[in-house]
Amino acid sequence: MHPSPVISRSYDSEDDLRLIRGLLMEARARAGIWRYPLIAETMWPVFMALRHLDPRRHIRLWFAGEQLAGYAFLGEDPSFEWEILTDYRDSGIETEATEWMDARLGECRAADPGKWSGPIVAGARQDDPQRIAFLEEKGFRRGGEFSEFNLIRPLTDPIPERPLPPGFQIRPVSGPAEAPARAAIHRDVWSPWSVARIDGQDYLHLMHLPGYKPELDLVVTAPDGAFAAYANGWLDERNRIGDFGPVGAQSAFRRLGLSRAVMAEGLRRMRTLGMERACVSTGMKNAPAIALYQSLGFTIVNQYLEFIR
Ligand SMILES: CC(C)(COP(=O)(O)OP(=O)(O)OC[C@H]1O[C@@H](n2cnc3c(N)ncnc32)[C@H](O)[C@@H]1OP(=O)(O)O)[C@@H](O)C(=O)NCCC(=O)NCCS
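Attention here is on the structure that accompanies the text. Keep in mind that this is a model prediction, so the values were computed, not measured.

On to the environment of Glu94, then. Relative to the elements of secondary structure, Glu94 occurs in helix H4 (residues 93-111). A residue is classified by how much of its surface remains accessible, and Glu94, at 9% relative accessible area, is buried. Residues Glu94 and Met207 lie 113 residues apart in sequence; the distance between their C-alpha atoms is 32 Å. Reaching out from Glu94, the side chain makes a polar contact with the backbone nitrogen of Asp90 at a distance of 3.1 Å.

If you want it as structure tokens, here you go:
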């Protein structure tokens, strides 16, 4: 039995994003850090939904009294994500969220079949049989392409220090004037995936979102000043965890140790900010990223399995 009836409403404002972040930190504290997504994994797709979709139609929240008990969003591609605070799992929110998603997806497909008619992708951590059973009951089947490894490293372990190639430097993005260049390197790294579709205005929006930490928006500059690699860091202050994502290097500047160096700087900064561990996730097929993270002392602790319907 739950003390308050659960009611749902559409996403309304950035205060809701603060609540979503708070739910994730609280849920990670109660259920163990690998039952729930990283802050980075949630902030990025929510940010994309805020910029490319109508968030009131694509993000929904469930409240028990004042407390956010769960949220769901229907993202582009299409993708379905939902998280529910531990105490409210099995209270009917999963079912309501799926029905809400199906109704929205139906509307999207009717309005723009070209964009929305592909299979819908969702996921579950491999140690979450309840969520896996729910997905299967709702007609989802195991996919594979976007399954991910979740990795972790303690910040008490030594952080590798290696010199950068001559002329390269690490620093945070200096401010709004660099948003277009910062968006441009993100596009270059991630094209042709839909996650690449951001411009300077989008990046400016990201820089003002709750939870964005300017000192953890790190770049490596090439000798001519161009951005060569980057890593975004986010904080889960409740659990003292620094989360990375996204991470990338321009193809012309790969295998120079730039991503390792920028992440090492991120790790040092996270430690200075009081974090005790760092987390990152990447596709199981992304051998370069897995090798990069392992070279920084991360180890694989869980798997996020892709499900498709
Ligand atoms: C993954 C990625 C960020 C690596 O960036 P990078 O700057 O080339 O990596 P580094 O030069 O710092 O490599 C550090 C270590 O990682 C490993 N590594 C990096 N790329 C590798 C590759 N292609 N194959 C095997 N190992 C690789 C190696 O151990 C390397 O050390 P070494 O060169 O001394 O052997 C880059 O390939 C990229 O941007 N890919 C596309 C975006 C992406 O997948 N991002 C990460 C997913 S969240």
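Its location among the elements puts Arg60 in strand S2 (residues 59-64). Taking the relative accessible area as the measure of exposure, Arg60 reaches 18% and is therefore buried. C-alpha separation for the pair Arg60 and Ile39, spaced 21 residues apart in sequence, amounts to 18 Å. Excluding residues that lie within four positions of it along the chain, Arg60 makes contacts with Ser8, Arg9, Ser10, Tyr11, Gly70, Tyr71, Ala72 and Trp100. Among the polar contacts listed, one links the side chain of Arg60 to the side chain of Ser8, at a separation of 3.1 Å. Reaching out from Arg60, the side chain makes a polar contact with the side chain of Ser10 at a distance of 3.3 Å.

With that out of the way, let us pick up the pattern of salt bridges. Scanning the model with the defined rule gives 27 salt bridges in all. Lys138 is the partner of Glu137 in a salt bridge, and the nearest nitrogen-oxygen pair spans 3.9 Å. Owing to a relative accessible area of 26%, Lys138 belongs among the partly exposed residues under this scheme. Salt bridges here are not isolated pairs; linked through shared partners, they connect Glu26, Arg30, Asp87 and Arg238.

A few words on the packing of helix H7 (residues 179-190) against helix H8 (residues 200-207). Relative to each other, H7 and H8 sit at 105 degrees, their axes nearing to 8 Å. Compared by their axis directions, H7 and H8 come out roughly perpendicular. Residue-level contacts link Ala179, Pro180, Arg182 and Ala183 of H7 to Gly200, Tyr203, Leu204 and Met207 of H8. Taken together, the residues that form the contact of H7 with H8 break down as six nonpolar, one polar and one charged.

Within this structure, the stated rule accounts for seven aromatic pairs. When the centroid spacing of 5.0 Å and the interplanar angle of 25 degrees are considered together, the rings of Phe80 and Trp82 count as stacked. Its relative accessible area of 2% is what places Phe80 among the buried residues. Where Phe244 meets Phe298, the ring centres are 6.4 Å apart and the plane angle is 75 degrees; that geometry is what we call edge-to-face. Placement of the pair is Phe244 in strand S11 (residues 241-249) and Phe298 in the loop between helix H10 (287-295) and strand S13 (299-308), with a sequence separation of 54 residues. On the accessibility criterion, Phe244 (4% relative accessible area) is buried.

The next subject is the site of the ligand. The environment of the ligand is formed by 21 residues, the closest being Val247, Ala249, Gly257, Ser259 and Asn286. Here a nitrogen atom of the ligand sits 2.8 Å away from a polar atom, N or O, in the main chain of Val247. In this structure, Arg260 approaches the ligand through a main-chain N or O atom, which is 2.9 Å from an oxygen atom. In isolation the ligand exposes 920 Å². Once the protein is present, 77% of that is buried. Looking at the shell around the ligand, the elements with two or more residues in it are H7, S11, helix H9 (258-272), strand S12 (277-283) and H10. No other element matches H10, which puts six residues into the shell around the ligand. Among the residues forming the shell around the ligand, the class breakdown is eleven nonpolar, seven polar and three charged.

Rules and cut-offs
Residues numbered from 1 in each chain as written. Predicted model: local features only at pLDDT ≥ 70, side-chain atom pairs only at ≥ 80, totals over all residues. Heavy atoms only, no water. Helix = DSSP H or I, 4+ residues; strand = E, 2+ residues; numbered from the N terminus. Buried < 20%, exposed > 50% of the residue type's maximum accessible area, 1.4 Å probe, protein only. Polar contact = N/O pair within 3.5 Å; in protein donor to acceptor, adjacent residues only side chain to side chain. Contact = heavy atoms within 4.5 Å. Salt bridge = Lys/Arg side-chain N within 4 Å of Asp/Glu carboxyl O. Axes fitted to C-alpha atoms, helices over the stretch in contact; angles between N-to-C directions. Parallel < 35°, antiparallel > 145°, perpendicular 65-115°, else oblique. Nonpolar A, V, L, I, M, F, W, Y, C, P; charged D, E, K, R; others polar. Phe/Tyr/Trp six-rings, centres within 6.5 Å; stacked < 30°, edge-to-face > 60°. Near = heavy atom within 4 Å. Areas by Shrake-Rupley, 256 points an atom, 1.4 Å probe, with all protein chains shown as cover.

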